[in-house]
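# Examination of the molecular architecture
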Amino acid sequence: MENIKRREAIRRTAWIMGGVLSTPTIAGILNGCTPKPELTWTPSFFTEDQARLVMEISETIIPKTDTAGAKEIGVPGFIEEMVSIVWDEDRRKEFTDGLMKFNEECKTETGDDFVALDAIKKKEFCQKKDAEAKAAPWGQKPVFWSLKELTIVGYYTSEYGATEELQYIAIPVEQHGCQPLSETGNGKTWATS
């Protein structure tokens, strides 16, 4: 039963990401990698600088508003777990090198490290990197693409993401077919079907 829930989460996340999830991300979810809802996180694979960068990028992708942000739910720990356990050594090196390249490009363009920028500048820089990632050919996607994918997957497969951000009914008792989404639960996407 647990794999059915994860598969559904993967299907929905793939839809959000434009229909494509990388194979290591799918394998990690099916093997039980889930975000740990911790308010503090001590990295075991990333260096402290890499961990801070991952935390700030993931929080920029899904910031705290009237709902919890990526940091609060434990998404950075999920990202580290996926990279360090699920990915092979070459992919891990590519990711960590990509993080440093991301930060160097930020320094060049803004004059400061990403973690030192204010929220508006972080958002603007991430939007620029997102546009570049979308334009890049498949197989040559920059690290931001992986970070965004892992952030979204980690957030929406967490208990909070599935039950608070998405609609969730553990045991649906009624089926109302052919209804507009706006009439079925305040327009939220369902975490279960």
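Look up: the structure comes first, before these words.
Residues numbered from 1 in each chain as written. Predicted model: local features only at pLDDT ≥ 70, side-chain atom pairs only at ≥ 80, totals over all residues. Heavy atoms only, no water.

## Some details on helix α6 (residues 89-110)
Selection rule: Numbering of helices and strands runs from the N terminus; a helix is a DSSP stretch of H or I covering at least four residues, while a strand is a stretch of E covering at least two. What a helix is expected to span follows from its residue count: subtract one and scale by 1.5 Å. Here's how the labels work: a residue is buried when its accessible area is under 20% of the maximum for its type, exposed when over 50%, partly exposed in between, all with a 1.4 Å probe on protein chains only. The arc in question is the one traced by the directions running from the helix axis out to the C-beta atoms. Pairs of residues are marked as contacts when any of their non-hydrogen atoms sit within 4.5 Å. Distance and chemistry together define a polar contact, namely a pair of N or O atoms within 3.5 Å, with one atom able to donate a hydrogen and the other to accept it when in protein, and with adjacent residues in sequence counting only for side-chain atoms on both sides.
The first and last C-alpha atoms of α6 sit 31 Å apart over 22 residues, in line with the 32 Å expected at 1.5 Å per residue. The complete set of buried residues in α6 reads R92, F95, T96, G98, L99, F102, N103 and C106. The arc that holds the buried residues of α6, viewed along the axis, is 150°, so those residues lie on one side. The outward face of α6, more than 90 degrees from its buried face, is lined by the exposed residues E89, D90, K93, K101 and T108. In this structure, the buried side of α6 is in contact with α3 (48-61), α5 (75-86), α7 (119-135) and α8 (143-156). Where α6 begins, one side-chain oxygen reaches toward the backbone nitrogen of D90, 3.2 Å away; that side chain belongs to D88. Of the residues one or two after α6, G111 is the one with positive phi, at around 85°.

## Section: the packing of aromatic side chains
How we decide: Side-chain rings of Phe, Tyr and Trp (the six-membered ring for Trp) are treated as a pair once their centres are within 6.5 Å; stacked means planes under 30 degrees apart, edge-to-face means over 60, and tilted covers the remaining angles. By the criterion adopted, a ring carries a charge over it if an Arg CZ or a Lys NZ lies within 6 Å of its centre and within 35 degrees of its normal.
The final tally for this structure, using the stated rule, is ten aromatic pairs. Aromatic pair F46 and F95: ring centres 5.9 Å apart, planes at 25°, arrangement stacked. Residue F46 is found in the loop between α2 (23-30) and α3, and its partner F95 is found in helix α6; the two are separated by 49 residues along the sequence. Exposure class is identical for F46 and F95. Each is buried. Ring centres of F102 and F114 lie 5.3 Å apart, and the angle between their planes is 65°; on these two criteria the pair is classed as edge-to-face. Highlighted residues: F102 in helix α6 and F114 in the loop between α6 and α7, separated in sequence by twelve residues. Exposure class is identical for F102 and F114. Each is buried. Three or more aromatic residues link up through ring pairs in this structure, and these residues are F45, F46, W87 and F95. One cation-aromatic arrangement involves R91 over W87; the distance from NZ or CZ to the ring centre is 4.0 Å. The residue whose ring lies beneath K141 is W145, and the NZ or CZ to ring-centre distance is 4.5 Å.

## Digging into the side chain of E80
Residue position: E80 is located in helix α5. We classify E80 as buried; its relative accessible area is 4%. Here F46 takes part through its backbone nitrogen, which lies 2.8 Å from a polar atom of the side chain of E80.

## Considering the environment of K122
Within the fold, K122 resides in helix α7. Placed 62 residues apart in sequence, K122 and T60 show a C-alpha to C-alpha distance of 6.7 Å. With near-sequence residues (within four places) excluded, K122 lies in contact with E56, T60, F114, V115 and L117.

## What about the pattern of salt bridges?
For clarity, the cut-off: In what follows, salt bridge is the name for a side-chain nitrogen of Lys or Arg lying within 4 Å of a carboxyl oxygen of Asp or Glu.
Per the stated rule, a full pass over the model turns up 16 salt bridges. In this structure, D49 and R52 form a salt bridge, with 2.8 Å as the shortest nitrogen-oxygen distance. One end of the pair is D49 and the other is R52, both in helix α3 and three residues apart, which spans about a single turn. D49 gets classed as exposed once you look at its relative accessible area, which sits at 53%. Take R52: its relative accessible area is 38%, and that puts it in the partly exposed class.

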